[in-house]
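Residues per chain are reported as follows:
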Amino acid sequence: MSSAPVQAAVQESELAAETRFAFGRNWQRFLRVLNDDRIAEAEKSLRTMLQVDDLRSKSFIDIGSGSGLFSLAAMRLGAARVHSFDHDPNSVACAQELKRRYFPQETNWVIQQGSVLDSPYVGCLGTFDVVYSWGVLHHTGKMWQALENAILPVSSNGATAATFSGVFRLRCFSVRISPCAA
Ligand SMILES: C[S@@+](CC[C@H](N)C(=O)[O-])C[C@H]1O[C@@H](n2cnc3c(N)ncnc32)[C@H](O)[C@@H]1O
């Protein structure tokens, strides 16, 4: 019996693990150089993108949260509730470290490991005023499925901000989907 399919499967899973690890390692490095200026920059970028002064009384979900920087920025902008998830355990650990540093006592910032491709998981999270998924959906290998799932948690008057393929930026305000300048 040929072992080629087994070898291919092993190579594929090694590649996937390497890719995931590379992201996590990136964030660990990022943690070492994170400072107040970078955090302020992230807050400014959220304010500008969402055209708000703050996120008071808003709920915010960060799909593919990576380092957790934008979840942290949402917390600092006063979000009532933040849910961050990423399928990479190293990224999850990085976001947890940010929470430990800046919001250790807060129970309204939840960080989990999960995949945007896992429809039952995403479907169980409830709805959010802001659904944020920056630079994530095209990394999933199933971009359209990911986009479909990323829209699940948008509340009826919520906003979605997502990028994919690094070329287009998509901004969806409930039913309106319009491209804006990259
Ligand atoms: C380029 S990073 C962007 C991180 C963050 N959104 C930001 O703007 O800094 C892409 C992130 O997507 C995550 N990711 C890739 N596939 C995913 C999936 N299926 N579900 C959840 N997260 C995923 C990766 O682990 C990585 O942290």
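Anything mentioned here points back to the structure above.
The rules behind these values
- Residues numbered from 1 in each chain as written.
- Predicted model: local features only at pLDDT ≥ 70, side-chain atom pairs only at ≥ 80, totals over all residues.
- Heavy atoms only, no water.
- Helix = DSSP H or I, 4+ residues; strand = E, 2+ residues; numbered from the N terminus.
- Buried < 20%, exposed > 50% of the residue type's maximum accessible area, 1.4 Å probe, protein only.
- Areas by Shrake-Rupley, 256 points an atom, 1.4 Å probe, with all protein chains shown as cover.
- Axes fitted to C-alpha atoms, helices over the stretch in contact; angles between N-to-C directions.
- Parallel < 35°, antiparallel > 145°, perpendicular 65-115°, else oblique.
- Contact = heavy atoms within 4.5 Å.
- Pairing = 2+ DSSP bridges.
- Right-handed = clockwise from strand over helix to strand, strands pointing away.
- Core = buried A, V, L, I, M, F, W, Y, C linked by side-chain atoms within 4.5 Å.
- Near = heavy atom within 4 Å.
- Polar contact = N/O pair within 3.5 Å; in protein donor to acceptor, adjacent residues only side chain to side chain.
- Nonpolar A, V, L, I, M, F, W, Y, C, P; charged D, E, K, R; others polar.

Student: When you look at the overall build of the protein in this model, what are you seeing that I'm missing?
Tutor: Scanning the protein from terminus to terminus reveals six helices and seven strands. For the protein, the α and β elements follow one another from N to C terminus as α-α-β-α-β-α-β-α-β-α-β-β-β. Here the protein, with 182 residues, has 41% of them falling under the buried criterion. For the protein, the computed accessible surface area is about 10100 Å², with 54% contributed by carbon and sulfur atoms.

Student: Teacher, can you tell me more about the packing of helix α2 (residues 36–50) against helix α3 (residues 69–76) here?
Tutor: For any two helices packed against each other, the geometry comes down to the angle between their axes and how far apart the axes lie. Running from N to C, α2 and α3 point in directions that differ by 75°, and their axes come no closer than 9 Å. With respect to each other, α2 and α3 are oriented roughly perpendicular. Facing R38, I39, A42, E43, S45 and L46 of α2, the residues of α3 in contact are L69, F70, L72, A73, A74 and R76.

Student: What am I meant to see in the pairing of strand β1 (residues 59–63) here?
Tutor: Here is the key point about a regular strand: its side chains alternate between the two faces of the sheet. Counting buried residues in β1 gives five out of five residues, a clear majority hidden from the surface. Burial along β1 is two-sided: S59, I61 and I63 facing one way and F60 and D62 facing the other are all buried. As paired elements, β1 and strand β2 (residues 81–86) share five bridges and run parallel to each other. For S59, the partnering residue across the bridge sits in β2 and is R81. Chirality of the crossover, the property in question, places the unit of β1, α3 and β2 among those that are right-handed. By the bridge criterion, three bridges tie β1 to strand β4 (residues 128–133) in an arrangement that is parallel. From the neighbouring strand, I61 faces β4, where its bridge partner is V131.

Student: What am I meant to see in the environment of D62 here?
Tutor: If you trace the backbone, D62 turns up in strand β1. The sequence separation of D62 and D86 amounts to 24 residues, and the corresponding C-alpha distance is 8.5 Å. Beyond its immediate stretch of four places on either side in the chain, D62 contacts F70, S71, H83, S84, F85 and Y132.

Student: How do you make sense of the nonpolar core when you look at a structure like this?
Tutor: Soluble globular proteins: nonpolar side chains tend toward being buried together. L46, L55, F60, A74, V82 and W109 are the most contacted members of the largest nonpolar core, which totals 27 residues. Of all elements in the fold, only α1 (4–33), α2, α3, α4 (89–102), β3 (109–113) and β4 reach the threshold of two or more residues within this core. Beyond its immediate stretch of four places on either side in the chain, W109 contacts G68, S71, L72, M75, V82, S84, A95, L98, K99 and F103. Of all hydrophobic cores here, the second largest spans 14 residues; its members include F85, V116, A146 and L147.

Student: I'm lost on the site of the ligand in this one. Help?
Tutor: Taken together, 18 residues lie around the ligand, and G64, D86, S115, V116 and W134 are the ones closest in. D86 is positioned such that a nitrogen or oxygen atom in its side chain is 2.6 Å from an oxygen atom of the ligand. Between S115 and the ligand, the recorded distance is 3.0 Å, taken from a side-chain N or O atom to a nitrogen atom. Here the shell around the ligand is built from residues that sort into six nonpolar, 10 polar and two charged.

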